[in-house]
Amino acid sequence: MAAQDTHLKPFDEDWTRALAVVAHPDDLEFGATSAIAKWTRQGKEVSELLVTKGEAGIETVPPSEAGPLRVEEQRAAARIVGAKRVQFLDFPDGTLEYGLGLRRALARAIRDHRPEVVISINYREYFPGADFYNHADHRVLGPALLDAVRDAANTWVFPELGEEGLKAWKGVRSVAFSSSPEPTHFTSFGQDELNTGIASLDAHEVYMGALEGFDHKSMLRTAAEEAGARNGVELAVEFEVVGV
Ligand SMILES: [Zn+2]
């Protein structure tokens, strides 16, 4: 079998508007933002929706201080990669629950942003090659997001959204989860986009400062190089793409 037969499929880039939806500030910056930097440079519109403010994410900083601080760090990270809008839903960090409230809020945002592609991060039990259990908020958000894409397209689910003036949006084609142990697609990018992606994680200054001794620059570079090698390009990020 030829080597290229083992490559994943290239991620479809024939779209103009994406919405990236994650549980916490920093989730996108662990890999996906290099791809986002590439897409915004192509002239695509990418906005970010944070389901929580990440207020429970820094052990040494109480939530009342960490929340506002992490909102600002996320806004800075989003600016670096050229995201158009950054929005926060304010669900509780660490105790996110699957439910109609979450689905309604996500469906509202999807109808508002009208994306063709939704980007998120791994919702499965484990990260590739890691032996620690994935965060509860990540595991809850994935299924809720997939359901919300369908809810957003159905006029008769959450009819109150229609009364708010948000018409059903049927334009989402797929949801792409980065860092999944079951990737299906990849997108390549250049050194400049990788450096931009790294800079977007650097923007989480206080949060990264609390992770003492963790070399995030090497981690992102190695991950991009390994994903690139698996797919016959220099640098890449892989996604599990779920049709909706
Ligand atoms: Zn997270």
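Small disclaimer: the values here were computed from a predicted structure and weren't measured. (Residues numbered from 1 in each chain as written. Predicted model: local features only at pLDDT ≥ 70, side-chain atom pairs only at ≥ 80, totals over all residues. Heavy atoms only, no water.)

Colleague: Hey, could you run me through the nonpolar core in this one?
Modeller: Looking at soluble globular proteins, one finds that nonpolar side chains tend to be buried together. Counting 38 residues, the largest nonpolar core has F11, W15, I36, W39, I119 and F239 as the members making the most contacts within it. Looking at which element gives the most residues to this core, the answer is helix 1 (residues 32-41), with five residues. In this structure I36 touches A20, L28, V46 and V81, once residues within four positions along its chain are discounted. By size, the runner-up hydrophobic cluster in this structure holds 28 residues, among which are V21, A144, L146 and A152. (Core = buried A, V, L, I, M, F, W, Y, C linked by side-chain atoms within 4.5 Å. Buried < 20%, exposed > 50% of the residue type's maximum accessible area, 1.4 Å probe, protein only. Helix = DSSP H or I, 4+ residues; strand = E, 2+ residues; numbered from the N terminus. Contact = heavy atoms within 4.5 Å.)

Colleague: It is not clear to me how the packing of helix 3 (residues 100-113) against helix 4 (residues 136-153) should be interpreted in this structure. Could you clarify?
Modeller: Helix-helix packing: each pair is described by the crossing angle between the helix axes and the interaxial distance. Contact geometry for helix 3 and helix 4: axes closest at 8 Å, N-to-C directions at 55°. The angle between the axes of helix 3 and helix 4 places the two elements in the oblique class. Note that helix 3 runs across helix 4; the crossing there is right-handed. Counted together, L102, R103, L106, A107, I110 and R111 of helix 3 and V140, L141, A144, L145, D147, A148, V149, D151 and A152 of helix 4 form the full contact between these two elements. (Axes fitted to C-alpha atoms, helices over the stretch in contact; angles between N-to-C directions. Parallel < 35°, antiparallel > 145°, perpendicular 65-115°, else oblique. Left-handed = near helix turned anticlockwise from the far one by under 90°.)

Colleague: Even after reading the chapter, I still don't get the coordination of the zinc ion, so can you show me in this structure?
Modeller: Under perfect tetrahedral coordination by four donors, a metal shows angles of 109.5 degrees; under perfect octahedral coordination by six donors, it shows angles of 90 or 180 degrees. The protein atoms that coordinate the zinc ion are H24 (ND1), D27 (OD), D27 (OD) and H138 (NE2), at distances of 2.0 to 2.8 Å. For the zinc ion, the donor residues sit on a single chain with the sequence spacing H-x2-D-x110-H. Here the residue H24 occupies a position in the loop between strand 2 (17-22) and helix 1, and H138 occupies one in helix 4, the gap between them amounting to 114 residues. For H24, a relative accessible area of 6% corresponds to the buried category. Since its relative accessible area comes to 9%, H138 is described here as buried. (Donors = N, O, S within 2.8 Å, 3.2 Å for Na, K, Ca; no water.)

Colleague: For this particular structure, what's the right way to read the side chain of H185?
Modeller: Tracing the backbone shows H185 in strand 7 (residues 185-188). Of the polar contacts made by the side chain of H185, one reaches the side chain of T184; its length is 2.7 Å. Every residue in contact with H185, bar those within four places of it in the chain, is listed here: L8, K9, P10, F11, V237, E238, F239 and V241. (Polar contact = N/O pair within 3.5 Å; in protein donor to acceptor, adjacent residues only side chain to side chain.)

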